[in-house]
There are 2 protein chains.
Amino acid sequence: MANVYFFGESNEDKQVLGGKGANLGEMIRIGLPVPPGFTIATEVCRIFSKTGKYPAELDSEIKANVEKLEKQLNKRFSDPSNPLLVSVRSGAPVSMPGMMDTVLNLGLNDQTVKALAEKSGNEKFAYDCYRRFLQMFGNVVLGLEHSKFEHALESEKKAQGVELDKDMSTETLKNIIQKYKDVIKADTGKEFTQDPIEQLMAAINAVFDSWNNKRAFAYRRLNHIPDDMGTAVNVQAMVYGNLGDTSGTGVGFTRNPATGENKLYGEYLMNAQGEDVVAGIRTPHPIEDLEKEMPKAYKDLFAAQLLLEKHYKDMQDFEFTIEEGVLYLLQTRNGKRTAQAAVRTAVEMQKEGILSKEQAVLRVPPEQLDQLLHKQLDPVAKTEAEVLTKGLPASPGAAVGEVVMTAARAKEKAEHGTTVILVRTETSPEDIEGMHAAQGILTARGGMTSHAAVVARGMGTCCVSGASDVNCDEEAGSFTIKGQTYKEGDFITLDGATGEVFAGKLRVVEPELSGDFAELMSWADSFRTLKVKANADNPHDSEVARKFGAEGIGLTRTEHMFFDKERILVVREMILAHNVEERKKALAKLLPMQIQDFKGIFKVMAGLPVIIRLLDPPLHEFLPKEEVDIAEVAKEMDIPVKNIKDMIENLHEFNPMLGFRGCRLAITYPEIAEMQAEAILTAAMECEAEGINVIPQIEVPLVGHVKEFVIVRDIIKKVAADIGADGKVKYEIGTMIEVPRAAITADEIAKEADFMSFGTNDLTQMGCGFSRDDAGKFLGNYVDKAIYPRDPFQAIDQDGVGKLMEICIEKARSTKPNIEIGICGEHGGEATSVEFCHKIGMNDVSCSPFRVPIARLAAAQAALKYPKN
Amino acid sequence: MANVYFFGESNEDKQVLGGKGANLGEMIRIGLPVPPGFTIATEVCRIFSKTGKYPAELDSEIKANVEKLEKQLNKRFSDPSNPLLVSVRSGAPVSMPGMMDTVLNLGLNDQTVKALAEKSGNEKFAYDCYRRFLQMFGNVVLGLEHSKFEHALESEKKAQGVELDKDMSTETLKNIIQKYKDVIKADTGKEFTQDPIEQLMAAINAVFDSWNNKRAFAYRRLNHIPDDMGTAVNVQAMVYGNLGDTSGTGVGFTRNPATGENKLYGEYLMNAQGEDVVAGIRTPHPIEDLEKEMPKAYKDLFAAQLLLEKHYKDMQDFEFTIEEGVLYLLQTRNGKRTAQAAVRTAVEMQKEGILSKEQAVLRVPPEQLDQLLHKQLDPVAKTEAEVLTKGLPASPGAAVGEVVMTAARAKEKAEHGTTVILVRTETSPEDIEGMHAAQGILTARGGMTSHAAVVARGMGTCCVSGASDVNCDEEAGSFTIKGQTYKEGDFITLDGATGEVFAGKLRVVEPELSGDFAELMSWADSFRTLKVKANADNPHDSEVARKFGAEGIGLTRTEHMFFDKERILVVREMILAHNVEERKKALAKLLPMQIQDFKGIFKVMAGLPVIIRLLDPPLHEFLPKEEVDIAEVAKEMDIPVKNIKDMIENLHEFNPMLGFRGCRLAITYPEIAEMQAEAILTAAMECEAEGINVIPQIEVPLVGHVKEFVIVRDIIKKVAADIGADGKVKYEIGTMIEVPRAAITADEIAKEADFMSFGTNDLTQMGCGFSRDDAGKFLGNYVDKAIYPRDPFQAIDQDGVGKLMEICIEKARSTKPNIEIGICGEHGGEATSVEFCHKIGMNDVSCSPFRVPIARLAAAQAALKYPKN
């Protein structure tokens, strides 16, 4: 395998060439104008990361490709009249915008700068290029601090009485260039190299090195990108958008990335380089304006983007440069888009005949739906609220939170549970973690394609960018809008759909889930084989779940019902009982309440199955903890404080997660399980009597041994017989699988149980030996060290806990082939986990109501990717 | 299959006929004099337990066998001149002495009692038999309270002015019989049945019923006997040892059950029934006296016992009755024996040519060795101590503990960790649990074969019986010896080898392990394939382990070294450090101490492998808990109290078992693992330099993911390289398997690790979801309910945790076929667990030093029972 590929001459995919490199070659092959160049493959990065060395033949391969480039362009490195100038950019298989290093104008030196001046007819431009190159090279390649160059620049500007960069004269630039060279000499002990090949080798090394910088590492963590993927490096001939008024540069999307509207969308700046647009320093013009300004270039661009989308069959995000009237495409990739845009694009592309329904369903990342499913600002509240200012609607959604002025503070406060809005002049890749932590982002500068806007859309975080009224004072920890100061801790509200900024907290409302969304979901539902249910403990949540398409309730946690203010006293009576009789007396008071609980849920879920889990948590969770609360309970119950304290002491556990809970309660105090079984079955009978079809499934928690299950099942069956439920209600009795032993002995349990449901939270805790409450001390460190690719409480640890699940399913089906197996941990609404559940042959997943559509889509994609035999 | 078998006419084994029934038939077949009868099979008990009903044909089968018995003896039920009288006794496949019910003299009624009077020539004897039968029948079969009969007896004795039972006249007995009948009529509403067949059917039912009485249930729990085994019932013609001076009854052992000496051993009483000997009410004579008293009977007995041992090839425990000079054998079974006797008998029987070495090794229950391995009274201390009194040396060993006067108190105090000595007038089956809880047992009455003596020997508990100076006052909670009172809580010491009782606490010493023991163990070692190692944390324990035959150290817990008084301060410095530098400073102080720790162990274990585990427990375990201790530490370390409290608060965990511990410490604070690795390897190098061969194996705890192991292994390897240990020391790096995830992914871990060792304590905690510290709340209940056959922390839960172990081994060997796999949990010294470890193909087991011989013997038995292919 070669290490270096000339653009357009290889069919290798983006795993080898990186996204950028693969697409540049592809564009050339479909006839689009792309400056030539070559790609150094990702494998080189992997080898370099692992061994610290490059393949022996790399050097000669690079040189051969430089020669080929020189021949094709009839330009040469160091040629005093027609020098080759190149850019050196990273390009990983997965886009990591701005995370790694880039060097532009490489090939400039004291000689070639003169040629550039002559060819461009613009000496100042040429020396400014040279200055920029020295600064970039010094900073990125040689590792010198940015501030040293800034300092040299500022001191020279001051000496010359120049205020703005654009007002610097050629002489000033030449002085600065000398000062830059002095900085480099002083810091590295060596002269700045005039040899373009040396420059190139050093720049390539720097870009590969940047794969492992802190920023890139953090980005990969957040986006679940493996560290051993590696980046490619692209060396490409320079073209200039800043050669004067017939030059320009811009970025475009083949469709609107915020709304999905099928219309060329983008921004450009005349006489500018690409980073001027992206960095958000100058606010660019909408792409429509280009039609008037340069009709020919616009026509070419319009045709090019049509071709791009037709070829890639996906909305493209592309960069272009116009050099003296001639259009070049510098990059294309699938465009990041909002959830709304993703759904609309997918549905419309199906209708336009570009995609099949299957492809359309596969096109939308399930996690992204989260954006659609969450709240928007209440329109009524908006009309009454004061609009402080308006920026660009960079990423949709609504955000209400406390102001923070730095990424670090955002992270810190968010970790303490505060919802925050990050307010910055502009964001940079260093802010990544803070942006992730924030509810919303507000920037003073930058357009719809600025760093803040692109990243926020990717994250699904509400963002208002380019709100130029905003003046940030990071040191003071505040910002002003029109003279009014807003301090850290003040509340503001953002509307990402309109770009409006409000003071205080505005009310937010649920989104509408019809139109394209409904259509896409109906396609998804037709493909998926997994049932999707919801976890809901009350009629309201059940209603939300049903609205979101839940096909049943996969988990009703009865303990949540016990914390109700009027009930907790009765529950405590039950716990503090001295004997069975007292306990039964308290339980008798709970019975009618529980009957009503279950009837409420059954009515909402009429015709659909409802899994109700018996009491699970350790009893001490229901007892008061603080002195004042203990005293209150003692008074209310007319019991000495000491008795309550003794009972709390008595129920204290060293490891409550592994303690006296779950079915262990039912086995020790059968009367509790009896009461709950009676409540469930009575509720079901009453519903049936009212003509409501009820499918109750009673679930026994924390089973580890089949005999535990059998004992509790028989308690329930006896209750059913005693109250005459048999024949009147079709109920099932099943079990949670959350103890590793249960998974390992699932063949025995399946013989006795009607259904099984993985409790992957506890299964992860016991399987991995992590207490979720305590793992904070080390689990972050573990994910940083890539011990677990992702937090195993967020995404199923497929290699470990997942293996246990596979063993369980295999064993269970060996004795009861058709047993229904589901999952009701939080993993049930996480896309990779849903895919895993599909692959290992489960029947259904259950998650929180708001994640039901995500699970439906993820299940459909899993079914399309892994069809069952 | 038949339900009923006539003695001697069936080859069925004791699974079908029970131990007693099978042996009665066997004795008949080898020509020994046994009163005839028949056995109702265990299957009937199982059917009855499960369904509450008897097989339909049982009734007719019983009647047919009764007829056969009548014909053989030429006696008939209800025959006014020659009536058939029988006993009805339980007989399970496994001996459960005294746990189930027995009915004697069945067949007596108002008519047959007269015939018995006539035939025996002893009217008083006959009516006393009838009286006893009525009482037994009323109590056992009809379920009336014992006290009702006692009350009737006492009131009649009082009315007649009779003090002792033996002084009752025939008239008095007749009155009592009438009163007994009245009691039965009053309580049951029915007359006492005069029909022997009705009596028989009711008695059989009562015996089967007693299989499920509370006592029997508790006994089965303690002795790990399954509840679905069931008991047989034996119906046998009565013979009488109480027909006068040429009648008698006794029990014998073919060898001495305490010492193993090859000499007939036993006790008898003239003119007595069997239960008089067993119950310990009269103190019987040594069997040698019988030779003088009844030479012919003695000669028959001596010949019979020789035949018995020759036939059974094991020491026999038999019961006999002499009825008017004629010997009958009523029972034989393998004799319970002390460990010393078991070992001596096995070794001597091999030398006598009765057993092979394999059979001899299989003959000794491994757990019993515990008795030999534990302490004896220091002979010097004994000469200086005051002997309070002397009883019979009923069960060997020494016991020091606090006096308790009831079984309930014994159980209660033992549960609180107090070592107690149970002092009773005599024990009864009701006392079983208390006897089990006690360190030693002292009784005022009863011989070497009394209940207390038999049970204590079975349990391996030190027992002195028949110490007639002892006068118990249960109500006062004290006893007196020669006027001196000893209260509950006072300390006494027992010498089970001599029967001596001492005041206070005497020093105890280690046993000698030579002679027969050494010989048996050498045979065992030649058969076993499992290596046996010991868990030891210091040179002393290592020495003990080596003396007991350990072939290496399977677990050195380094954390125990950290609690040393002078070190704990340094450890706390380390924990309270604010940064790496401070932490390293504290660790530097620990390094030389740890080097000495390891050198000490290495020297003792020269030439043998030593596994040293890196620091495992959560750090908060090393911090003080009480206010005063915190204040002291603060003062010693010159740190504000608040800082320490903050740190304690900071390190607090909800579920410490699943918290920040094990390799998680090494990954977060690599400097701790570095210090320990340096100490281990430096100690090894220093030993090697002194010419001591050292085989260190460094063990990483709590690994769940292969990457955890690799990170810590690489830390250790780097240390080895840095200090120049490579090449100088042959060390290995392996891992504990205690997290279920590690077992499930053992294929990956085995690729990287040199060895593996199951930590089955934690594997059980995580696999079953039990916190050991908390399981007390429900685990007793679980064992009672037979959910787990035994406490899974005592014996490996083979069906669950064991499955995980099997999966682990299979996976590990799939990638590293020869990887050494051991166990170092407490299960490593438990016989059934050792057998399991052998069966699943492990390489070694490690246990506490005192259990090493048990593990060696268990491993040998496992190898004999399950030879490897």
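Structure: above.
No experiment lies behind these values; they were computed from the predicted model shown.

(A) Main features of unusual backbone geometry. A positive phi is found at A:Asn74, a non-glycine position, where the angle reads about 55°. Mapped onto the elements of the fold, A:Asn74 is located in the loop between helix H3 (58–73) and strand E3 (86–91).

(B) The packing of helix H6 (residues 146–160) of chain A against helix H7 (residues 170–188) of chain A, seen in detail. Residue and element names in this part refer to chain A. Put simply, H6 and H7 touch, their axes get as near as 9 Å, and they point 145° apart. Between H6 and H7 lies a crossing whose hand is right-handed. Note on element contacts: H7 touches H6 through Thr-172, Asn-175, Ile-176, Lys-179, Tyr-180, Val-183, Ile-184 and Asp-187, opposite Lys-148, Phe-149, Ala-152, Leu-153, Ser-155, Glu-156 and Gln-160.

(C) A look at the pattern of salt bridges. In this structure the tally under the stated criterion is 119 salt bridges over all chains. The salt bridge partner of A:Arg220 is A:Asp227, with a shortest N-O separation of 2.8 Å. You can call A:Arg220 buried: its relative accessible area is 0%. Overall, the relative accessible area of 24% leaves A:Asp227 in the partly exposed class. Between B:Asp227 and B:Arg221 there is a salt bridge whose closest N-O contact spans 3.1 Å. Bridged by salt links that share partners, the residues A:Glu559, A:Arg613, A:Asp616, A:Arg661 and A:Asp762 form one connected network.

(D) Spatial organisation of the relation of the copies chain A and chain B. With an RMSD of 0.4 Å, chain A superimposes on chain B once it is rotated by 180° and translated 0.1 Å along the axis. In short, the pair behaves as if placed about a two-fold rotation axis. The share of interface residues of chain A whose copies in chain B are also at the interface is 98%, consistent with both copies meeting through the same surface.

(E) Main features of the interface of chain A and chain B. On the side of chain B, 50 residues touch chain A, which itself brings 51 residues to the contact. For the pair chain A and chain B, the two sides together bury roughly 4300 Å², of which 57% comes from carbon and sulfur. Area buried by chain A at its contact with chain B is led by A:Leu658, A:Arg741 and A:Lys777, which between them contribute 15% of it. At the junction of chain A and chain B, the tally comes to two salt bridges. Measuring nitrogen to oxygen at the nearest pair gives 2.5 Å for the salt bridge that ties B:Asp797 to A:Arg741. Listing elements by their share of the side of chain A that touches chain B, those giving two or more residues are helix H25 (641–651), helix H26 (663–668), helix H28 (706–722), helix H29 (740–744), helix H31 (760–768), helix H32 (776–784) and helix H33 (801–815) of chain A. Ranked by the residues each element gives to the side of chain A that touches chain B, the list is headed by H33(A), at five residues.

So, how was this worked out
Residues numbered from 1 in each chain as written. Chains lettered and ligands numbered in written order. Predicted model: local features only at pLDDT ≥ 70, side-chain atom pairs only at ≥ 80, totals over all residues. Heavy atoms only, no water. Helix = DSSP H or I, 4+ residues; strand = E, 2+ residues; numbered from the N terminus. Axes fitted to C-alpha atoms, helices over the stretch in contact; angles between N-to-C directions. Left-handed = near helix turned anticlockwise from the far one by under 90°. Contact = heavy atoms within 4.5 Å. Salt bridge = Lys/Arg side-chain N within 4 Å of Asp/Glu carboxyl O. Buried < 20%, exposed > 50% of the residue type's maximum accessible area, 1.4 Å probe, protein only. Least-squares fit on C-alpha atoms with pLDDT ≥ 70 in both. Buried area = accessible area lost by both parts, 1.4 Å probe.

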